[in-house]
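An overview of the molecular structure
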Amino acid sequence: MLSRFFAVTVFLVSLTGIQGVQAEENNQSLTAQGWYERMVEKAPTATYEGIFIHQAGNQMQSVEIVHGSYDGQIWERLLHLDGPSREIIRRGEALYCIHPDKSVEQLQQKGSSPFGNKPLGSSRQLSKAYQFRLIGQQRIAGRLVMGIQLVPVDGMRHAYQIWLDQQSYVPLRTELMTLKGKVLERYQFSYFKMSVNLDKQKFEPRSQGVELDMAKVGEVLKASSEDVLEWRLNWMPIGFIDQGASGHAPKLSARRIYSDGIVMFSVYVENVDKVQDEGTVQAGPTALSVQHKQWQGQTHRITVVGEVPPNTAARIAQSVELL
């Protein structure tokens, strides 16, 4: 799926005349946390289009985005502009993936967005793990923005920076960076345009001959009650929450997802025949740690992957206890 961007589907506000002046005056008194809360509050009804650059490590990708809200549901269309044609269309909880061969697959993505991949956490949740700081004003995509920074209170996660459009509170740039200031992942608009009304035609596939109603529905595989492996984490950084909280994970492709409201990591636990490919590495914003543990005469591979520092991923993997 798509690598991390934290969040960033936001609201369109049409401000003119006295309203625009009043909004500017109100923004002057906003704290960093206040800016963040404005962004989260306005997100569900955003209407805009643009082109953003996604940079992860040495890889760069240009993506066209159209975003809006129709009948209380989020609509979004993403078109990759570099390399093979790839398109993603969201209509509410239905997510359509249009592949280069023009085949279409429909997935269910409750509570997530192709662009943001997940909603941002509340400032209350984030305040457990981050300090909010104002960076100051800049100009991005021809618009004035205000920068805010989320600084970790511990050394177990990365910092996060967001530059918000001062009129609409849309984030026009986000950066995930190490505590030493190295940028691991960046999303930045090169073109951005707000709209007043949603144009349904702009959410139709750009790929010629593609019909969404002919999409193949992806199957969700569920483990039987006999095919479960119980385990728990004995340590993880403060502020992270189990997104499933199911208490069980299937033996094969077992996965739980944890989020602190900004970044996520996943933990996989599975039975394997032998120990192989063990260690910890980092590629762009993503760290991967693979370890093995013996339990009841069986070898289990533990894999942790996510936007956390490598030493954090390794410590999480080490803390897995089989029950």
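In what follows, the accompanying structure is described. (Residues numbered from 1 in each chain as written. Predicted model: local features only at pLDDT ≥ 70, side-chain atom pairs only at ≥ 80, totals over all residues. Heavy atoms only, no water.)

Here we come to the pairing of strand 17 (residues 256-259). Here two bridges tie strand 15 (residues 241-242) to strand 17, and the two strands are oriented antiparallel to one another. Directly across from Ile241, in strand 17, lies its bridge partner Ser259. As paired strands, strand 17 and strand 18 (residues 264-272) are joined by four bridges and run antiparallel to one another. Each bridged residue has a counterpart across the sheet, and for Tyr258 the counterpart in strand 18 is Phe265. The turn joining strand 17 and strand 18, which pair antiparallel and follow one another in sequence, is formed by four residues; a positive phi near 100° is taken by Gly261. (Pairing = 2+ DSSP bridges. Helix = DSSP H or I, 4+ residues; strand = E, 2+ residues; numbered from the N terminus.)

A complete count under the given rule lists 12 salt bridges for this structure. Between Glu87 and Arg77 there is a salt bridge; the shortest N-O distance is 3.8 Å. With Glu87 in strand 4 (residues 87-91) and Arg77 in strand 3 (residues 73-80), the pair connects residues that are 10 residues apart, well separated along the chain. Arg77 matches Glu87 in its accessibility class, with the two residues each being buried. In this structure, Glu270 and Arg301 form a salt bridge, with 3.7 Å as the shortest nitrogen-oxygen distance. A residue pair is termed long-range when its members are at least 10 positions apart, and Glu270 in strand 18 and Arg301 in strand 21 (residues 298-306) qualify at 31 residues. Connected through shared salt-bridge partners, Glu64, Arg77, Glu87 and Arg206 make up one network. (Salt bridge = Lys/Arg side-chain N within 4 Å of Asp/Glu carboxyl O. Buried < 20%, exposed > 50% of the residue type's maximum accessible area, 1.4 Å probe, protein only.)

Let's shift gears to unusual backbone geometry. The phi dihedral of Ala141 falls on the positive side, at around 55°, and the residue is not glycine. The residue Ala141 is located in the loop between strand 7 (130-140) and strand 8 (143-152) in this model. Take Ala141: its relative accessible area is 32%, and that puts it in the partly exposed class. In this structure, Gln296 is a non-glycine residue whose phi angle is positive, near 50°. Among the secondary structure elements, Gln296 is positioned in the loop between strand 20 (286-295) and strand 21. Among the residues examined, Gln296 registers a relative accessible area of 68% and is labelled exposed.

Summarising the element assignment, Glu185 is placed in strand 11 (residues 183-194). Taking relative accessible area as the criterion, Glu185 reaches 3% and is therefore assigned buried. One polar contact links Glu185 to His54, side chain to side chain, over a distance of 2.7 Å. (Polar contact = N/O pair within 3.5 Å; in protein donor to acceptor, adjacent residues only side chain to side chain.)

The final tally for this structure, using the stated rule, is 11 aromatic pairs. Ring geometry for Tyr48 versus Phe192: centroids 5.5 Å apart, planes at 40°, classification tilted. Here Tyr48 is found in strand 1 (residues 48-56), whereas its partner Phe192 is found in strand 11, with 144 residues between them in sequence. A residue is classified by how much of its surface remains accessible, and Phe192, at 7% relative accessible area, is buried. Where Tyr70 meets Trp75, the ring centres are 4.9 Å apart and the plane angle is 55°; that geometry is what we call tilted. The class of Tyr70 is partly exposed, set by a relative accessible area of 29%. Taking NZ or CZ as reference, Arg157 lies 5.6 Å from the ring centre of Tyr130, over its face. (Phe/Tyr/Trp six-rings, centres within 6.5 Å; stacked < 30°, edge-to-face > 60°. Lys NZ or Arg CZ within 6 Å of the ring centre and 35° of its normal.)

Bridging between strand 1 and strand 2 (residues 59-70) involves nine bridges; their strand directions are antiparallel. Looking across to strand 2, one finds that Gly50 is bridged to Ile65. Taking the residues that link successive antiparallel strands as the turn, the strand 1-strand 2 hairpin has two residues, and the phi of Gly57 there is positive, at about 65°. One ladder, built from eight bridges, connects strand 2 with strand 3; its direction is antiparallel. When the sheet's bridge partners are listed, Ser69 is paired in strand 3 with Ile74. Taking the residues between adjacent antiparallel strands as the criterion, strand 2 and strand 3 are bridged by two residues, where Asp71 takes a positive phi near 55°.

Attention now goes to the environment of Val304. Of note, Val304 is situated in strand 21. Between the alpha carbons of Val304 and Ala317 there is a distance of 6.0 Å; along the sequence they are 13 residues apart. When near neighbours in sequence (up to four residues on either side) are disregarded, Val304 contacts Phe265, Ser266, Val267, Ala287, Leu288, Ser289, Ala313, Ile316 and Ala317. (Contact = heavy atoms within 4.5 Å.)

Taken in spatial order, the six strands line up as 15-17-18-21-20-19 in an open sheet, and their pairing is antiparallel. Each end of this open sheet is capped by a strand with a single partner; those strands are strand 15 and strand 19 (279-283). Where helix 4 (residues 310-318) meets the sheet, its contacts fall on strand 18, strand 19, strand 20 and strand 21, and the angle it forms with strand 20 comes to roughly 20°. (Axes fitted to C-alpha atoms, helices over the stretch in contact; angles between N-to-C directions.)

Once that is clear, we can look at the nonpolar core. Phe265 and Val267 are the most contacted members of the largest nonpolar core, which has 37 residues in total. The element that contributes the greatest number of residues to this core is helix 2 (residues 32-42), accounting for four residues. Among the nonpolar cores identified, the runner-up in size contains 17 residues, and Ile65, Ile88, Ile140 and Leu172 belong to it. (Core = buried A, V, L, I, M, F, W, Y, C linked by side-chain atoms within 4.5 Å.)

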